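Residue-level structure breakdown
The primary structure of each chain is shown beneath.
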Amino acid sequence: MYIPPAFKDDDIESIRATIRSARLANLVTATTEGPVATPLPLFLDESEGEHGVLYGHLAKANPQWKLAPIGDALAIFSGPDAYVTPSWYATKRETEKVVPTWNYVAVHAYGPVEFFQEPERLLDAVTRLTNRHEGSRAKPWAVTDAPADFIAAQLRGIVGIRIPVVRFEGKRKMSQNRPKADRVGVAAGLAASENPHDREVARLIPLPG
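Scoring rules and cut-offs
Along each chain, residue indices are assigned from 1 in the same order as the chain's sequence is written. Reporting in this predicted model follows two pLDDT cut-offs: at least 70 for local features of residues, and 80 or more for side-chain atom pairs to be given and counted; totals over whole chains, interfaces and linings ignore these cut-offs and use all residues. Here the side-chain values reflect all heavy atoms present in the structure, with hydrogen atoms and water set aside. DSSP-based pairing: two strands are paired if at least 2 bridges between them are found. Helix numbers and strand numbers start at the N terminus; a helix is a DSSP run of H or I with at least 4 residues, a strand a run of E with at least 2. To get an axis, a line is fitted to the C-alpha atoms, and for a helix only the part in contact is used. The angle between two axes follows their N-to-C directions and goes from 0 to 180 degrees. Relative accessibility decides the category of a residue: with a 1.4 Å probe and only protein chains considered, values under 20% of the type maximum give buried, values over 50% give exposed, and everything between is partly exposed. Lining residues are defined by having an atom within 4 Å of a point belonging to a cavity or pocket. Those points lie on a 1 Å grid over the protein atoms alone, cavities being sets where a 1.4 Å probe fits but cannot get out and pockets being open sets with protein on both sides within 12 Å along at least five of seven lines. Grid points are joined across faces, edges and corners, and a volume is the space filled by probe spheres set on the points. Two rings belonging to Phe, Tyr or Trp (six-membered ring only in the last case) form a pair when the distance between their centres is within 6.5 Å. Interplanar angles under 30 degrees mark stacking, angles over 60 mark edge-to-face geometry, and anything in between is tilted. Here, a charge over a ring is recorded when the distance from Lys NZ or Arg CZ to the ring centre is within 6 Å and its angle to the ring normal is within 35 degrees.

The subject of this paragraph is the sheet that holds strand β4 (residues 53–59). On the basis of which strands lie adjacent, the open sheet formed by four strands has the order β3-β4-β8-β7 and antiparallel pairing. Across the chains shown, the open sheet's two edge strands, defined by having one partner strand only, are β3 (43–45) and β7 (114–116). Geometrically, the sheet is characterised by an average inter-axis angle of 30° between neighbouring strands, direction not taken into account. The sheet contact formed by β3 and β4 spans three bridges and is antiparallel. Across the sheet, Asp 45 pairs through a bridge with Val 53, a residue of β4.

So this is what it looks like as C-alpha cells:
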C-alpha cells in the first residue's frame, strides 16, 4: 500500500481499532495460479504473539486454502471512507487549482497463513467470532443455541484460518495534506451529508484547535 508520510498511521491502538470495527476483511494469498482473494470476517487476538494473531474461516469448497501460498498472506481491513468534492475547498475559490479525492482508513496485516481443520480449533474460532458480533445484541445468539450434532456437521464444511501478524501497514487519509481552511470545508461538507459514512469521516478530519 502506498502511504505518503502525511497519511501514515503507525499507532498500534488506532490500527487495532480499525480491525475491530471492520465488518469484513479481504484475505489475499499469492499462489502459482495467481493472486486469490476471499472476503470474510476476521478477528484479531491481541494477546497472542508480538502483533496479535488473526483468526477466521472459509468454506471448504473454496479453493484458496488448497493453493499453497507464496510468501505471507495479506488481510485487508477498510475503515470509513468518503468522496471529497473540490467544491468544499477554500482553495477552489482562490485559485481553482483543485481536484476531487477520496478520504479513507485502511489497514494491511501480513503474516504466514495456516489453514486448519481440527474440530476443537474450528469450534473455538467460530465461537469467538460469533460472540464478537453478537455481543452488542439485546438477546445474543450463541453457537451452543444450535444442536451440537448440527454444529459438528457445519464445522466439517469449513476450514479455519490462523495468521500470526508479522507487520501492519496503516493509512489514515483525512485531508492532512490540505491547508487548514480546506480541511474545515471538507469536514463541514461531510458533516452535512445524509450518508452516515460521510459523517463518520468528518469526525476523523484533523481540524485547527
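That was the structure; now back to the text.
Its location among the elements puts Lys 139 in the loop between α3 (119–134) and α4 (148–155). Judged by relative accessible area, which is 75%, Lys 139 ranks as exposed.

The volume enclosed by the largest pocket comes to roughly 390 Å³. Around the largest pocket, the lining is made up of 19 residues, and of these Ser 21, Ser 78, Gly 79, Pro 80 and Glu 200 lie nearest the centre. A total of five residues in the lining of the largest pocket trace back to one element, the largest contributor, which is helix α1 (residues 12–21). Volume-wise, the second largest pocket comes out at about 190 Å³.

Attention shifts here to the packing of aromatic side chains. In the structure shown here, the tally under the stated rule is two aromatic pairs. Plain terms: the ring middles of Phe 43 and Tyr 55 are 5.6 Å apart, the flat faces sit at 25° to each other, and that makes the pair stacked. In this pair, Phe 43 is assigned in strand β3 and Tyr 55 in strand β4, connecting sequence segments twelve residues apart. The exposure classification of Phe 43 matches that of Tyr 55, with both residues buried. Here Tyr 83 and Trp 102 contribute two aromatic rings whose centre-to-centre distance is 5.8 Å and whose plane-to-plane angle is 65°, an arrangement assigned as edge-to-face. Here Tyr 83, found in strand β5 (residues 73–84), pairs with Trp 102, found in strand β6 (residues 101–111); they are 19 residues apart in sequence, far enough to count as distant. What makes Trp 102 partly exposed here is its relative accessible area of 41%. Above the face of the Phe 116 ring, Arg 121 is positioned so that its terminal group lies 4.0 Å from the ring centre. One residue, Arg 178, lies across the ring of Tyr 89, its end atom 4.2 Å from the ring centre.

The values reported here are purely geometric and, on their own, carry no functional implication.
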